[in-house]
Amino acid sequence: MFADYFWIFVAATSYLAGSIPFGLLTAKLVAGTDIRKVGSGNIGATNVARTLGAKWGIVVLLLDALKGLLPVLCIPPLFVSPDSTDFDQVRVLSGVATILGHMFPVWLGFRGGKGVATSLGVILVLGPWSTLVAVAAFALTFLISRIVALSSIVAATAFGVAQFIQLGSSAFTQEKWGLAVFSIAVPLLIIVRHWSNLGRILRGEEKKFQLGSRKKAESAPSEIKPDADA
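All of these numbers come straight from a predicted model, not from anything done at the bench.

Undergrad: So what's going on with the pattern of salt bridges? Residues and values would help.
TA: If you walk through the whole model with that rule in mind, you get six salt bridges. Here Glu205 makes a salt bridge to Arg203, at a shortest N to O gap of 3.0 Å. Taking the relative accessible area as the measure of exposure, Arg203 reaches 53% and is therefore exposed. Members of the salt-bridge network, linked through shared partners, are Asp88, Arg91 and Lys176.

In structure tokens:
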């Protein structure tokens, strides 16, 4: 009977893995700071870097990426053979559930991050070559603009385009339709999560990225300012 419900199990375990709030936990442990009450109020790596400095931002980035990568890499093979026509679909389910766990964690009243770092871990498994295109697009856009939100939107779009080019005529076959849907849905979801940032970008009001420090975080008032977090 368990086999009938393994899809639910995969989704639930992946969601719970994705919902671990590494940004919140890191800021609490390092500086005794509730990251939701400083900077932009976002629990992602960008707000941590802006509040605590680059080192801790990188730590959170890696942790958030790993919680996207590991469920997709490790959970589906427990239930489905890599040779099965369902394998990619199960990995997509795991990846989407993990991203949604980060964006809408049950532990934080479903108010989480914007999903870029966690999505990075997921797409490293689902589309490694397209991921390289996305990373290059992010890096180039960030070097030019210094705006994380804009870089994230460009990277998400670049991944979707590159993935469809790579899938080619197999995009909506029985084996690959899940990857095709993922390549549309997840970039759109990331863009929607950055909708307020996009509005500020179009108005020329989005702030450029600047690093913070642990000392600043420890003494900062509990004030949330809208900003470009990923």
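Undergrad: Tell me what's going on with the side chain of Asp34, and back it up with residues and numbers.
TA: Along the chain, Asp34 turns up in the loop between helix H2 (22–31) and helix H3 (45–52). With a relative accessible area of 11%, Asp34 lands in the buried category. Leave out the neighbours within four places in its chain, and Asp34 touches Leu24 and Lys28.

Undergrad: Requested: an account of helix H5 (residues 87–103), with residues and values cited.
TA: Taking 1.5 Å as the rise per residue, H5 with 17 residues should run 24 Å; its terminal C-alpha atoms sit 25 Å apart, in good agreement. Burial analysis of H5 places 14 of its 17 residues in the buried class, the great majority of the element.

Undergrad: Summarise the nonpolar core; cite the residues concerned and give the values.
TA: The biggest cluster of nonpolar side chains holds 20 residues, and the ones touching the most others in it are Ile99, Val122, Leu126, Phe182 and Ile190. Among the elements of the structure, H5, helix H6 (116–126), helix H8 (148–167) and helix H9 (177–193) are those that each provide at least two residues to this core. When neighbours within four sequence positions are excluded, Ile99 is seen to be in contact with Thr118, Ser119, Val122, Phe182 and Val186. One finds Ala27, Ile43, Leu52 and Val60 within the second-largest nonpolar core, a separate group that totals 12 residues.

Undergrad: Explain the side chain of Ser119 residue by residue, including any values.
TA: For Ser119, the position within the fold is in helix H6. By relative accessible area, which is 3% here, Ser119 ends up buried. Setting aside its immediate chain neighbours within four residues, Ser119 contacts Ile99, Val186 and Ile190.

Undergrad: Quick rundown of the packing of aromatic side chains? Include the residues and the values.
TA: One pair of aromatic rings is described through two measures. These are the centre distance and the angle between the planes. Per the counting criterion, the structure on display carries seven aromatic pairs. Geometrically, the ring pair formed by Phe6 and Trp7 is tilted, given 5.0 Å between the ring centres and 40° between the ring planes. Overall, the relative accessible area of 12% leaves Phe6 in the buried class. Overall, Trp7 belongs to the partly exposed group, its relative accessible area being 32%.

Undergrad: Lay out a nonpolar patch on the surface with the relevant residues and their values.
TA: On the surface, a nonpolar cluster with roughly 500 Å² of combined accessible area is contributed by Phe172, Trp177, Val181, Ile184 and Leu188. Within the fold, Phe172 resides in the loop between H8 and H9.

Undergrad: Give me H9: which residues, what numbers.
TA: Taking 1.5 Å of rise per residue, 17 residues should cover 24 Å, and H9 covers 24 Å from first to last C-alpha, within 8% of that figure. Among all positions in H9, only Gly178, Leu179, Ala180, Phe182, Ser183, Val186, Pro187, Ile190 and Ile191 are buried. On its buried face, H9 sits against H5, H6, H8 and helix H10 (195–203).

Scoring rules and cut-offs
- Residues numbered from 1 in each chain as written.
- Predicted model: local features only at pLDDT ≥ 70, side-chain atom pairs only at ≥ 80, totals over all residues.
- Heavy atoms only, no water.
- Salt bridge = Lys/Arg side-chain N within 4 Å of Asp/Glu carboxyl O.
- Buried < 20%, exposed > 50% of the residue type's maximum accessible area, 1.4 Å probe, protein only.
- Helix = DSSP H or I, 4+ residues; strand = E, 2+ residues; numbered from the N terminus.
- Contact = heavy atoms within 4.5 Å.
- Expected span 1.5 Å × (residues − 1).
- Core = buried A, V, L, I, M, F, W, Y, C linked by side-chain atoms within 4.5 Å.
- Phe/Tyr/Trp six-rings, centres within 6.5 Å; stacked < 30°, edge-to-face > 60°.
- Patch = residues over 30% accessible without salt bridge, like charges linked within 9 Å, V, L, I, M, F, W, Y side chains within 5 Å.
- Areas by Shrake-Rupley, 256 points an atom, 1.4 Å probe, with all protein chains shown as cover.

In short, geometric facts, not functional conclusions.
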